[in-house]
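Chain and residue survey
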Amino acid sequence: MRRWVFLPLIVLCLLHKVQAILLTVPATGTKCVSEELHNNVVVLADYFAISDDHHHPNPTVSVKVSSPFGNTLHHKENMTHGQFAFTTTEAGNYLACFWVEDGHNPGGGSLTVSLDWKTGIAAKDWESVARKEKIEGLELELRKLEGAVEAIHENLIYLKTREAEMRSVSETTNTRVASFSIASLAVCVLAAVLQILYLKRYFQKKKLI
C-alpha cells in the first residue's frame, strides 16, 4: 500500500526535475547522444554552446539530429544556441550529433554544449494547457500525473512489443542455427562415409586388403 502512496510523489518529482546534459565537443571530431523512442513521442530540445576559453565567449557549434532510418530532422551550422522539436514517426534510436566547423572556434580547443532534451510528458507545454483549460493548482498537478501515467503505460506496451520481437528473432535464430548444425553434421558424416568407401576401393584395387 505504501508503494502506491509514494508512486504519485515520485512521478511528480520526475516531472519537475529537469537537468541539462553537458557535452564536451572536441576541436576535431563529433560528440553524439542518442535515446531510444517509440512512435508519436514529442521531442523538444534546447542547446547552447559554452566556450572553455574565456577569451572567446561566443563559440559556435553545428548540430544534426537523425532518425533511426537516417532521416535528417534538424541540421544547423555555426550556432551559438538553438532549439529543435519534432514528433517521432519511427521507433528506434534518435541521434543528435555536435561538432565544430573548421576555423569557427578561435580558441582552437574543445567547447561545452548544454543540451536540455525533453521527451513525452516532459516536453508538453503545461502553461498553455492550464491557460486553455483554465485549470491550476492540484487539478493541474493531477493532469500532469495522468499524463505521466499514460506515458509510462505506453512505454511498457512498447517494451513488451520489443520483447516479443526480440524473442521471435531469438527463436528464429536458434532454429536456423540448429538446422545449420544438423546440416553441417550430416555433411561431415557423408564426407567421412565417402572417404572410407573411396579408401576401401583404393586398397582393394591395389590389392592391399
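Residues numbered from 1 in each chain as written. Predicted model: local features only at pLDDT ≥ 70, side-chain atom pairs only at ≥ 80, totals over all residues. Heavy atoms only, no water.

Applicable threshold: UniProt positions are given in the numbering used here, feature names are shortened, and annotations may be inferred rather than shown by experiment.
An unreviewed UniProt entry lists the protein under the name GOLD domain-containing protein, from Anisodus acutangulus. UniProt annotates the protein under Sequence similarities (unreviewed entry) with the comment "Belongs to the EMP24/GP25L family." Recorded in UniProt under Subcellular location (unreviewed entry), the annotation for the protein is "Membrane".

1. Quick word on the side chain of Glu90
The line we're drawing: Strands are runs of DSSP state E lasting at least two residues, helices are runs of H or I lasting at least four, and both sets are numbered from the N terminus onward. Here the term buried applies to any residue with accessible area under 20% of the maximum for its type, exposed to any over 50%, and partly exposed to those in between, with areas from a 1.4 Å probe on protein chains only. Positive: Lys, Arg. Negative: Asp, Glu. His and the chain ends are not part of the count. Throughout this description, the term salt bridge denotes a Lys or Arg side-chain nitrogen within 4 Å of a carboxyl oxygen of Asp or Glu. We define a polar contact as two N or O atoms separated by no more than 3.5 Å, with the added condition that, inside protein, one atom must be a possible hydrogen donor and the other a possible acceptor, whereas residues neighbouring each other in sequence contribute only through side-chain atom pairs.
You can see Glu90 is positioned in the loop between strand 6 (81-87) and strand 7 (92-99). As a buried residue without a salt bridge, Glu90 has its nearest oppositely charged side chain in Arg162, at a separation of 12 Å. Side-chain polar atoms of Glu90 contact the backbone nitrogen of Phe69, separated by 3.2 Å.

2. Re a nonpolar patch on the surface
Here is the rule we go by: Grouping into patches uses exposed residues only, defined as over 30% relative accessible area, and leaves out salt-bridged ones; the cut-off is 9 Å for like charges and 5 Å for nonpolar side chains (Val, Leu, Ile, Met, Phe, Trp, Tyr). Under the convention used here, a 1.4 Å probe and the Shrake-Rupley method define accessible areas, while residue burial counts only the protein chains that appear.
Residues Leu185, Val189, Leu190, Val193, Leu194 and Leu197 make up a contiguous nonpolar surface patch of roughly 560 Å² in combined accessible area. Position of Leu185 relative to the elements: it lies in helix 3 (residues 138-205).

3. Considering the packing of aromatic side chains
Put simply, the rule is: For Phe, Tyr and Trp, where Trp contributes only its six-membered ring, two rings pair if their centres lie within 6.5 Å, and the inter-plane angle classes them as stacked under 30 degrees, edge-to-face over 60, or tilted in between.
The final tally for this structure, using the stated rule, is six aromatic pairs. Measuring from centroid to centroid gives 5.8 Å for Tyr47 and Phe98, while their planes differ by 65 degrees, and the two rings are edge-to-face. Here Tyr47, found in strand 3 (residues 42-51), pairs with Phe98, found in strand 7; they are 51 residues apart in sequence, far enough to count as distant. Here Tyr47 and Phe98 have matching classes, each one buried. Consider the rings of Phe84 and Trp117, whose centres lie 5.8 Å apart with planes at 70 degrees: the pair is edge-to-face. With Phe84 in strand 6 and Trp117 in strand 8 (residues 111-119), the pair connects residues that are 33 residues apart, well separated along the chain. The same class applies to Phe84 and to Trp117, which are both buried. Connected via pairs of aromatic rings, a cluster forms that spans Tyr47, Phe84, Phe86, Tyr94, Phe98 and Trp117.

4. Re the UniProt feature "transmembrane region" (unreviewed entry) in the protein
Here, UniProt's "transmembrane region" (unreviewed entry) annotation points to residues 177-199. What you have in residues 177-199 is 100% helix and 0% strand, and the ends, taken at the C-alpha atoms, are 33 Å apart.

5. Details of the state of the cysteines
What counts, and what does not: Counting rule for disulfides: a pair of cysteine sulfur atoms within 2.5 Å.
Taken as a whole, this structure holds one disulfide when the rule is applied. In this model Cys32 forms its disulfide with Cys97; the gap between the sulfur atoms is 2.0 Å. The sign of the 110 degrees torsion about the S-S bond sets the Cys32-Cys97 disulfide as right-handed. Taken together, the positions of Cys32 in strand 2 (residues 30-37) and Cys97 in strand 7 put the pair 65 residues apart, joining distant regions of the chain. On the basis of relative accessibility, which here comes to 13%, the residue Cys97 falls in the buried class.

6. Notes on the sheet that holds strand 1 (residues 21-25)
The test is simple: When DSSP finds two or more bridges between a pair of strands, those strands are recorded as paired. For every element, the axis is a line fit to its C-alpha atoms; helices are fit only across the contacting stretch, and the angle between N-to-C directions ranges from 0 to 180 degrees.
Overall, antiparallel pairing links the four strands, which are arranged 1-8-3-6 in an open sheet. Lying at the two open borders of the sheet, with one neighbouring strand each, are strand 1 and strand 6. Shown here is a sheet whose adjacent strand axes are inclined to one another by a mean of 20 degrees, direction ignored. Pairing of strand 3 with strand 8 involves nine bridges; the strand directions are antiparallel. If you follow Ala49 over to strand 8, its bridge partner there is Val113.

7. Things to note about the nonpolar core
The condition is simple: To form a nonpolar core, buried Ala, Val, Leu, Ile, Met, Phe, Trp, Tyr and Cys residues must be joined to one another through side-chain atoms within 4.5 Å.
One finds Tyr47, Phe84, Phe98, Leu111, Val113, Leu115 and Trp117 to be the most contacted residues of the largest nonpolar core, which totals 22 residues. Mapped by element, the contributors of at least two residues to this core are strand 1, strand 2, strand 3, strand 4 (61-66), strand 6, strand 7 and strand 8.

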